[in-house]
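Structure at a glance
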Amino acid sequence: MLADLVQNTLDGLAAGASYALLAVGFTLVFGVLRRVNLSYGPAIMLGCYAATFVHLHYGAGLLALAAICVLASVAAGAYVERLCFAPHGKGSAIAAMVASFALWMQLEEVAMLALPRHLYPFPPLYEGGPLAFAGFTVRVEALVMLAAAVTVCALLWGILYRTRFGVAARAMIDSPVAAELAGINVPRISMGVFALASAIGGLAGFLISASVEQVTPMLGMWSTLKGLLAMMLGGLGSLPGAVIGALVLGLVEAHSQWFLGPQLRDFIAFLLLFILLAVGPRWIRSRHG
Amino acid sequence: MSDTLLEVRDLVTAYGKIEALKGVSLQVKQGSITCLLGPNGAGKTTLMMTIAGILRARSGTVAFAGREMTSLRPHAIVASGVALVPENRLVFPAMTVLDNLRAGAYQRRDDFAPDIEKLFQRFPRLKERSAQLAGTLSGGEQQMLAVARALMSRPKLLLMDEPSLGLAPLVVEEIFRIITELHRDGTTIFLVEQNAHMALKVAQHFYLMEQGKVTFSGDPGSLAEDEVIKRAYLGSAK
Ligand SMILES: Nc1ncnc2c1ncn2[C@@H]1O[C@H](COP(=O)(O)OP(=O)(O)O)[C@@H](O)[C@H]1O
Ligand SMILES: [Mg+2]
């Protein structure tokens, strides 16, 4: 029983690390633009499909595939930004969100035109089995994911707190009008933030695909959902909050799966989303009062 | 007209169907302190935000140093030498005082560390609190920070929208002392104020604005101060 708890906690943290990468990218865009980008996940999915396409037709090493995932996600993200977010600058958040939903459908269509089967194999991140110590097992993939999450968070902190771009991005998070008055080139910083978020998302997509060794079009919705949920759990728009929210989500899923069975894993995520939407506004108000 | 730094002509700015500026024309002379007075809702903030490029004019022009800038984006306006200290200060509350100043220097590619040092001499309180989050400062300190942030871009023209609003009398005096100092150091200042008494003491020229229109323009002394104050607070119609 205790052993199971520890094992579930390890598994939950591993899943939480992948959610953390997704959530940090999602939250970055939300914090700076105050817009929900539903196409966040689908852009990542498209990046992973581009890598899968290259892998199937030409063959490529893992590092090259990772680079393709990141670059293609950034390209798809930039496309979403131009079409959904740049034109609505000061306009309605709902319009931008609906537009990003329309692009979601478009990105899925593109992916399924290029690779029409529902499921494609993705080369594994690590060929060997899990590591065992003291009766517990840890997948090497999970360790890579954790290391990646820690590295990305540290790098992101450095960018936000030690660079001119970071000062500008934080200024936009704080007050968009004051940022413009301070002389910050707001459209350019928005684009930069979008690219950065998409790159983090692309890396997350690569690591996740290479861990589960497959891609499906569902990766898009799945990524948006996990990113959104972790961000909401973390109190909407806070980056450290998003990381904590992601770990909580991973832990809750791992433990509830053990109690309720694996079929209910995603049900739990949806249930959490439902509860958050029901009581969320109060929780959010109390944090931003 | 070579000594006109800012020239606003027939400016119309609207929120939806409601015109807040109904054809405003005015000038700010190089090296002057020019003051804009008027009751609440006259359109003073709207004018400032239009000059700064945050609001788009429906018609009319704004020219700075002879250069048309009505269609420029806000950051380009800052780059050309105009900075606005906005109404209600609008500092970056979750950023440190130092980072607020760095944000104000965003346009600059040169080394701005000496500017920060100079501003810290002018505003010693900001130096003491340089690592503190701006949101934790007092109202007066936030106003100083908003001014200092605007100065980081080395503006030739400083726009100030009600810098004394909601501040204690002693702090208001300090704000006005800083305004005269900046002016003496060569910055042209276009100041929106409710505090007509203080404003008329420092300004060389002033405009009265009511309901989206300039209704009077003159030098302090060209209209009895109590009449100015009456119209600045209440409008001439009442
Ligand atoms: N965001 C806004 N939306 C609609 N109307 C506005 C907005 N801001 C100001 N107004 C209106 O425009 C007019 C001028 O306002 P403002 O420029 O703030 O005046 P002042 O700064 O002189 O007090 C007022 O009638 C005000 O109600
Ligand atoms: Mg005002």
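The structure under discussion appears in the preceding block.
Predicted model only: the values in this text are computed from it and were never measured.

Turning our attention to the coordination of the magnesium ion (ligand 2). Residue and element names in this part refer to chain B. Protein coordination at the magnesium ion (ligand 2) comes from T45 (OG1) and E87 (OE), with a distance range of 2.0 to 2.3 Å. Of the two residues, T45 is situated in helix α1 (residues 44-51) and E87 in the loop between β6 (82-85) and α3 (97-104); the sequence distance between them amounts to 42 residues. Given the relative accessible area of 25%, E87 is considered partly exposed.

Residue and element names in this part refer to chain A. Running from amino to carboxyl end, helix α2 (residues 40-57) crosses helix α4 (residues 93-114) at an angle of 10°, the nearest separation of the two axes being 9 Å. Taken together, the axes of α2 and α4 are roughly parallel relative to one another. α4 is crossed by α2, and the crossing has left-handed handedness. Residues P42, A43, M45, L46, Y49 and F53 of α2 form the contact with α4, whose participating residues are W104, L107, E108, V110, A111 and A114. Its residues placed into classes, the contact of α2 with α4 shows 11 nonpolar, no polar and 1 charged.

All names here are of chain A. Counted under the stated rule, the structure contains 7 aromatic pairs over all chains. Centroid distance W157 to Y161: 5.2 Å. Interplanar angle 20°. Geometry classified as stacked. Note that W157 and Y161 are positioned in helix α5 (residues 140-162) at a spacing of 4 residues, about one turn of the helix. Accessibility expressed as a relative area gives 44% for W157, which makes it partly exposed. Directly above the ring of Y120 sits R117, whose terminal nitrogen or CZ lies 4.5 Å from the centroid.

Residue-level contacts link 23 residues of chain B with 19 residues of chain A. Counting each side, the surface lost to burial between chain B and chain A is near 2,000 Å², with a carbon and sulfur contribution of 61%. Among the residues of chain B in contact with chain A, I54(B), F92(B) and Y106(B) are the three that bury the most area, contributing 35% of the side total. Between E180(A) and R73(B) there is a salt bridge whose closest N-O contact spans 3.7 Å. Linking chain B to chain A there are 5 residue pairs in polar contact (both at pLDDT 80 or more).

All names here are of chain B. Taken in spatial order, the 6 strands make up an open sheet running β6-β7-β8-β3-β9-β10, and their pairing is mixed. Of all the strands in the sheet, just β6 and β10 (213-218) have a single pairing partner and so form its edges. Here the strands of the sheet are splayed against their neighbours by 20° on average, with no regard to which way each runs. Summarising the sheet, strand β9 (residues 205-210) and β10 pair through 5 bridges and their orientation is antiparallel. The residue bridging E210 from the neighbouring strand is K213, located in β10. Most of the contacts of helix α7 (residues 169-184) go to strand β8 (residues 188-193), to which it runs at about 155°, and overall it touches β3 (33-37), β7 (157-161) and β8.

This part is about α4(A). Residue and element names in this part refer to chain A. For α4, which comprises 22 residues, the first-to-last C-alpha distance of 32 Å matches the rise-based estimate of 32 Å (1.5 Å per residue) to within 8%. Buried within α4 are the following residues: A96, S100, L103, W104, L107, E108 and A111. The arc that holds the buried residues of α4, viewed along the axis, is 150°, so those residues lie on one side. Every exposed residue of α4 that faces more than 90 degrees away from the buried side is listed here: I94, V98, E109 and L113. Where α4 is buried, its residues contact α2, α3 (62-85) and α9 (218-233).

A word on the site of ligand 1. Residues and elements named next belong to chain B. Y15, A20, P39, N40, G41, A42, G43, K44, T45 and T46 make up every residue found near ligand 1. Between ligand 1 and G41 there is a distance of 2.7 Å, counted from an oxygen atom to a backbone nitrogen or oxygen. Between an oxygen atom of ligand 1 and a main-chain N or O atom of G43, the distance comes to 2.9 Å. Alone, ligand 1 offers 560 Å² of accessible surface; in the complex the protein occludes 56% of this. Take the shell around ligand 1: its biggest share by element is 3 residues, from α1. Per-class residue counts for the shell around ligand 1 are 4 nonpolar, 5 polar and 1 charged.

What counts and what doesn't
In this convention, every chain numbers its residues from 1, walking through the sequence in written order. Each chain takes a letter, starting from A, and each ligand takes a number, starting from 1, following the order in which they are written. Only residues with pLDDT of at least 70 are given local features in this predicted model, and only at 80 or more are side-chain atom pairs given and counted; all residues enter the totals for whole chains, interfaces and linings. Remark: hydrogens and water are excluded; side-chain values derive from all non-hydrogen atoms of the structure. Water is not part of the atom set, so a site may look incomplete; the donors themselves are N, O and S atoms within 2.8 Å of the metal, or 3.2 Å for Na, K and Ca. Comment: elements are numbered from the N terminus, with helices defined as DSSP H or I runs of at least four residues and strands as E runs of at least two. Burial classes follow relative accessibility: with a 1.4 Å probe on protein chains only, a residue under 20% of its type's maximum area counts as buried, one over 50% as exposed, and anything between as partly exposed. Each axis is a line fitted through C-alpha atoms, taken for helices only over the stretch in contact, and angles between the N-to-C directions span 0 to 180 degrees. Should an angle fall under 35 degrees it is called roughly parallel, over 145 degrees roughly antiparallel, and 65 to 115 degrees roughly perpendicular, with every other angle called oblique. We call a crossing left-handed when the near helix sits turned anticlockwise from the far one by less than a right angle, and right-handed when that turn is clockwise. We call two residues in contact when some of their heavy atoms are within 4.5 Å. Gly counts as polar in this scheme, as do all residues outside two lists: the nonpolar Ala, Val, Leu, Ile, Met, Phe, Trp, Tyr, Cys and Pro, and the charged Asp, Glu, Lys and Arg. Between 30 and 60 degrees the pair is tilted, below 30 it is stacked and above 60 it is edge-to-face, where a pair is any two Phe, Tyr or Trp rings, Trp via its six-membered ring, whose centres lie within 6.5 Å. Ring-over charges, as used throughout, are those where CZ of Arg or NZ of Lys falls within 6 Å of the ring centre and within 35 degrees of the ring normal. The term buried area refers to how much accessible surface (probe radius 1.4 Å) is lost by two components on association, counted for both of them together. Should a side-chain nitrogen of Lys or Arg be within 4 Å of a carboxyl oxygen of Asp or Glu, the pair is scored as a salt bridge. Residues adjacent in sequence count toward polar contacts only when both atoms are side-chain atoms; beyond that, a polar contact is any pair of N or O atoms within 3.5 Å, and within protein one must be able to donate a hydrogen and the other to accept it. Note on pairing: two strands pair once DSSP finds at least 2 bridges between them. A helix is expected to span 1.5 Å multiplied by its residue count minus one. By arc we mean the arc of the directions from the helix axis to the C-beta atoms, nothing more. By convention in this text, a residue qualifies as near a molecule or strand provided that one of its non-hydrogen atoms is within 4 Å of it. For every accessible area listed, the method is Shrake-Rupley and the probe measures 1.4 Å; residues are considered covered only by the protein chains on display.

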